[in-house]
Structure formats: C-alpha cells, structure tokens
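# Report on the structure
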Amino acid sequence: MIKEESTSACPPASQVWLRSCEKETLQPVQGKVTGKLPEWLNGRLTRNGPGKVQYGNTRYNHLFDGSAYIHQFNINNGKVTYQSRYLQSDVYKRNSKANRIVVSEFGTAAYPDPCKTLLQRFASFFTPLSAAEVTDNCVVNVCHFGDQLYALTETNAMRCIHPETLATIGGKTRLDQYIAVNTATAHPHVDPDGTVYNMGNSYHGKTGPTYNIIKFPLPKVAEGKKISSVEQAEIVATIPCQWKMRPSYYHSFGITDNYFIFVEQPFVFNLKKLIFNYYTGKPYIGALEWHPEEQSKFIIVKRDTGERLPTQYVADSFLTFHHTNTYEKDNHLVVDLVAMDNAETVYQLLLENLEKPEFECSAATMPTHRRYVLPLNLEDAEENTNLVTLKGSKCSALRRTDGRIQVQGHIISKQFFDLPRINYRHNGKEYTYAYGVDVNPRGIDFPKLVKMNVETGDTYLWREEGKLVSEPVFVAAPDASAEEHGVVLSTLIDKNEPKFVALLVVNPKTWRELARVEFEAEGAVTSTFHGQFAGANESVYRY
C-alpha cells in the first residue's frame, strides 16, 4: 500500500527526486544567455520526468511512479524560453480530485478512491485483467509519431501533447485498440524517413506470452481523411517467451539496417503474481523476479522478413535498461548497452531509500557501459573456439556442444554511466562516441555529464558544483560531416535553489561549455528521465 506522509515537513531541496512542483510554468519565460549559441541551433527540447510524488498525505513509493511533468526549452534565433506543465492524464486528474493516490503505479498500490461507491470498489475485483484500468501516467519519454508528439511510459497507453503549449490533447491512446499488445517500451527507434519502431508484450497468445516488434508508418491521407501513424500500427515480428509464465522485463532494444536486437533477460514478471497483486491491491513491483541462474539471451530478427535467426546467443545474467547502439561490421553484430550485474538497483530506487542521506548503492548494482559482439557467419564453427574475428575486439563467442553461442562481453569503461545517447545519425551504424551521465551511488542523482570513446574507453567529464545534469541530447549541425559536428544539450537544476533551471550547451569535441541559458521557474523544477529535440527546419524528429 502507499506510504502515508505528513505534509507539514517538506524534504530538503537537495533531495531532488523527492521534489514536487506545486506551480507550473505555463507561460514561456525568457532566459538569460551567457556564452554564444550556434546560429543554426533552432528548435525545441522536450523532456519528461516525475514532477509530483505526493498527494495529500499519500506518497509514491518508487522513483518510477511520480506524476509526469513535461519541460520544454524553445530556441529561436539566439533567444530561449522555458515552460513546463503537468501531463493532464486521467490518473493525474483522479489523484488531484481525490487528494490521494487512487491509481496503482509500478511500485505503489492505490489507496481506495473516495469518489467510488462501495459497490463500484467491489465490482472492480471482478474486472478481467485484460480490461483493467491501465495507468496513463506517461512519465518516461516523449516521441514524435509523424507530426504528433506523445508522452510515453511502459504501459500500452500514450498521451498526445501540444508541441508548443504542452497542453494534453484528447483522451489517452491505447495501443491495444489497434494491435495485440499489453505493454510497450518508452524507447522507440525512428528511421530517417520518420517510420517509428517499438516493442511491446502480448500476454494473450495461444502459445503463451510474446514479445512483438511494432511498426508505425508515416501518416497518410486516404479518401480525404488523415490516418495517423498510431492508427496504422502493425506487428512486424513476434518472438515467443522462453519462460511461458515469466515474460522478461525490458526497457529498450537495438536496431540496425538489417536487424532488430532484443535481450531477453532473467528479470521477469511472474504472471501469477501479477494477477494476484492486481486483485489484492499490491504494487506491480512485487511480481518481478530476478533469476541469476538463468542466462540473458540475445535474439536477432531480420527486419525484411520478421524471421528470427536460429542461432541462440547467450551470456551470463545481467540487467539492462538502455541500449546505446548496435551496428553490423564484418559479419558481426556489435551490441553496446548499459548493464548491471543484478536487479537490486530497481529496489534501491524506492523513495524511502533515496531520502536517507546515508543510503548508498552497492557497486554491483551500478551501471557501466558494456559491449557484446555476436558473430553472424557460423558455418563450420568449431566448438570452444573464439568465433569473434573482429579486429581489436576484446569480446568472445564460443560454440557449445548444444549449439548455443556463449558470448562474453567486456566493460568499455569502469566509469558509472547511464542514460546513453549518441549522434543519432549513427544509429545502427559504426560510431565512436557515446554521451551519458555519471550516476552517484548516494541519492542516485546525476552530478556529471560523461563523454565516452567506445573504442578506447576514454572518458571525459563535465560537472559544476551544486548542480545536477540530465540525459545529454546530441544535436547534429545541419551541414555535419563528422560524428562530433554539433552540440550536446543538457539541463541543469540546482540542489539548493528549487526554482533554478538552465539549458546547457556543450561542445562535443572539447567537452566544454559553449553556452547556457538560465531561468527562474514559477515552481520547483524536478529531475527528468528522457527527452527529444525537434529541429525548427526538420520534418522528421529523431533521437
């Protein structure tokens, strides 16, 4: 059940994940520019994350649960504005009306809704799980599907938001009204032509749960009517779960010109527990299980046919949230991702931990950048011989007697590293640099920006005392011919001044500040997870 809290004592401002914004910055405010913004940099950076952790005397339990709050920086000919507002989800409205948490989230079970009668509460216990209420608290990311901007989370519900005012448009969009999925990731991929790909689970297949790859084509006009990308959604590949009652949790996936790459990891949802928890009012996190005795499995799917490669690639168990990039080279697939040795990090993100100044995560739960290399040409492959022939690779792949390929990755750098981004023009292609954040074991906040050479492991850090950064977003220059030709955008918040927020512009080559734009918001500024930049002169918005 949710944690009852007194509203008389507010958490210190330095505990940024416990902040709640009580006053939105609805009207754009002008910022103070120091340094020099590139003349070509025009567009909007939209970011998403939790903005409210408490309603009345009830507080969320987990970092992933807070109410979605959208932030936006609009850059126009050297001037920059900031605005922010809550996503007007059904969940947000219901919680606000009841002044308590009445819809369950990942780590928090709902308190009974006082707006419901006793009969309505009783009837909810007989609602089929397939028709159950799905949270539309889309708190993780944003993505453009054609010309429509959506806030995303890990359910099958999305919310459309106005790209200029950030107002929530219409009702929630449920993907299960178009395709057979019960969940979807908040990390789609966007092709150069604007086609969006995502992954989602289906729990109702005849042969058991499946992982589905979803294609969202470009909007089109048919018989005088515009048909959106979401309305055209289709499943282009289906992957059966190897554990029939324990589908894997996953947060992202990889893509190249020819393949989709999915990691089925032994961090799973026990479907029996999930159903039991739903009907007994317990949080969904209680249905997750970590099985370190199982292996993580790399599944490769051909993009042109939707067929899975028959080869089974397995590795010692690890947990990943974020794929950085995947590319093909000399009959190998190079898979870079952020990994942890176990799943304890998910439980360490409980707010009761983050509010303790002495709490510190163990080293085994901290994220580092890892590379795996999967050989594709396996004809006449000998057993127990390294099949990775890629020049300079430190990875191995051994064929076992049962035909499986046991892969061993290597840690690119020991630097703590997460929220990875790249120059997205190199998505699915060979690249050299990844950008991310350093993760502080105390407080799980982000004190430094990290630039990493993925070939050498060399890292470069940017930090400012008293400030916290956000996921870096690479914006390529319009005439870019080199991977580093552009800027990296991040945001700054102050650990002790809650209304302070700044847009930071960093030179990718020197890893030094080019410019910043500082603002004073109307209310407290909260941390964010992910975001997307939309260039003013672009028609396709990628990551």
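Reading guide: rules and limits
Residues numbered from 1 in each chain as written. Predicted model: local features only at pLDDT ≥ 70, side-chain atom pairs only at ≥ 80, totals over all residues. Heavy atoms only, no water. Helix = DSSP H or I, 4+ residues; strand = E, 2+ residues; numbered from the N terminus. Polar contact = N/O pair within 3.5 Å; in protein donor to acceptor, adjacent residues only side chain to side chain. Contact = heavy atoms within 4.5 Å. Disulfide = S-S within 2.5 Å. Buried < 20%, exposed > 50% of the residue type's maximum accessible area, 1.4 Å probe, protein only. Pairing = 2+ DSSP bridges. Axes fitted to C-alpha atoms, helices over the stretch in contact; angles between N-to-C directions. 1 Å grid on protein atoms, 1.4 Å probe; cavity = no way out; pocket = protein on both sides within 12 Å on 5 of 7 lines; lining within 4 Å. Points joined across faces, edges and corners; volume = space filled by probe spheres on them. Phe/Tyr/Trp six-rings, centres within 6.5 Å; stacked < 30°, edge-to-face > 60°. Lys NZ or Arg CZ within 6 Å of the ring centre and 35° of its normal. pLDDT = per-residue confidence, 0-100. Arc of directions from axis to C-beta.

## Things to note about the overall build of the chain
Looking only at helices and strands, the chain has five helices and 40 strands in total. If one aligns the C-alpha atoms of the chain with their principal axes, the spans along those axes are about 70 × 60 × 60 Å.

## Side note on the side chain of arginine 516
Mapped onto the secondary structure, arginine 516 falls in strand E39 (residues 512-520). Within the local environment of arginine 516, its side chain forms a polar contact with the side chain of glutamate 464, the two groups lying 2.4 Å apart. Of the polar contacts made by the side chain of arginine 516, one reaches the side chain of glutamate 513; its length is 2.9 Å. Those residues in contact with arginine 516, other than ones at most four positions away along the chain, are Lys32, Val33, Thr34, Trp462, Glu464, Leu492, Leu503 and Leu504.

## Things to note about the state of the cysteines
Taken as a whole and judged by the stated rule, the model has zero disulfides. Cysteine cysteine 160 shares no disulfide, and the gap to the nearest cysteine sulfur, in cysteine 138, comes to 11 Å. Looking at cysteine 160, the relative accessible area reads 9%, which means it is buried.

## Some remarks on the sheet that holds strand E40 (residues 530-535)
What holds strands together in a sheet is hydrogen bonding between their backbones, with the strands either parallel or antiparallel. Here five strands make up an open sheet; going across it, the order is E2-E8-E7-E4-E40 and the pairing antiparallel. Only two strands of the sheet have a single neighbouring strand rather than two, namely strand E2 (25-30) and E40. Between one strand axis and the next, the sheet turns by 20° as a mean value, whatever way the strands run. In the sheet, strand E4 (residues 43-52) pairs with E40 via six bridges, with the strands oriented antiparallel. Looking across to E40, one finds that asparagine 48 is bridged to histidine 530.

## Here we look at empty space enclosed by the protein
Tallying each qualifying case throughout the model produces six cavities of 30 Å³ or more. Within this model, the largest cavity holds a volume of roughly 260 Å³. Lining the largest cavity are 19 residues, and of these His187, His323, Pro420, Arg421 and Tyr424 lie nearest its centre. Secondary-structure elements contributing two or more residues to the lining of the largest cavity are strand E25 (319-329), strand E31 (418-421) and E40.

## Focus on the pairing of strand E29 (residues 405-408)
Note: strand E24 (residues 313-315) against E29, two bridges, orientation parallel. Each residue of the ladder has a partner; that of valine 314, found in E29, is glutamine 406.

## Considering the packing of aromatic side chains
Summed over all chains, the structure comprises 29 aromatic pairs. Measuring from ring centre to ring centre gives 6.4 Å for phenylalanine 64 and phenylalanine 529, while their planes differ by 80°; the resulting arrangement is edge-to-face. You can see phenylalanine 64 sitting in the loop between strand E6 (58-59) and strand E7 (67-76) and its partner phenylalanine 529 sitting in the loop between E39 and E40, a full 465 residues away along the chain. Residue phenylalanine 529 is classed as buried on the basis of its relative accessible area of 11%. An aromatic cluster of three or more residues is present, and its members are Trp17, Phe64, Phe106, Tyr249, Phe267, Phe269, Trp290, Phe321, Phe446 and Phe529. Positioned above the aromatic ring of tyrosine 55, the side-chain terminus of lysine 52 is 5.1 Å from the ring centre. We note lysine 451 situated over the ring of tyrosine 433; from NZ or CZ to the ring centre the distance is 4.6 Å.

## Remarks on the confidence of the model for the chain
Averaged over the chain, the pLDDT score is 92; the fraction of residues at 70 or greater is 93%. When the criterion is pLDDT under 50, residues 1-13 qualifies, and its contacts beyond four places in sequence or with other chains add up to 35 contacts. The low-confidence segment residues 117-131 (pLDDT under 50) makes 17 contacts with residues lying over four places distant or belonging to another chain.

## Notes on the sheet that holds strand E13 (residues 189-190)
One open sheet holds the four strands; their spatial order is E13-E14-E15-E18, and the pairing between them is antiparallel. Sheet topology places E13 and strand E18 (234-240) at the edges, where each strand pairs with a single neighbour. Pairing between E13 and strand E14 (residues 196-202): two bridges, direction antiparallel. Within the sheet, the bridge partner assigned to valine 190 lies in E14 and is valine 196.

## A few points about helix H1 (residues 90-98)
Val91, Tyr92, Asn95 and Ala98 are the residues of H1 that are buried. An end-on view of H1 places all buried positions within 145° of arc, on one side of the element. Buried residues along H1 sit against E4, strand E5 (54-55), E7 and strand E8 (79-86). Among the residues trailing H1, asparagine 99 stands out with phi positive, at a value near 55°.

## Describing helix H3 (residues 271-280)
Within H3, burial applies to Leu271, Leu274 and Asn277. Seen along its axis, H3 keeps its buried residues to an arc of 125°; they face one direction. Its buried side turned inward, H3 meets strand E21 (267-269). You can read the cap of H3 off the contacts: a side-chain oxygen lies 3.0 Å from the backbone nitrogen of lysine 272, and it is on asparagine 270.

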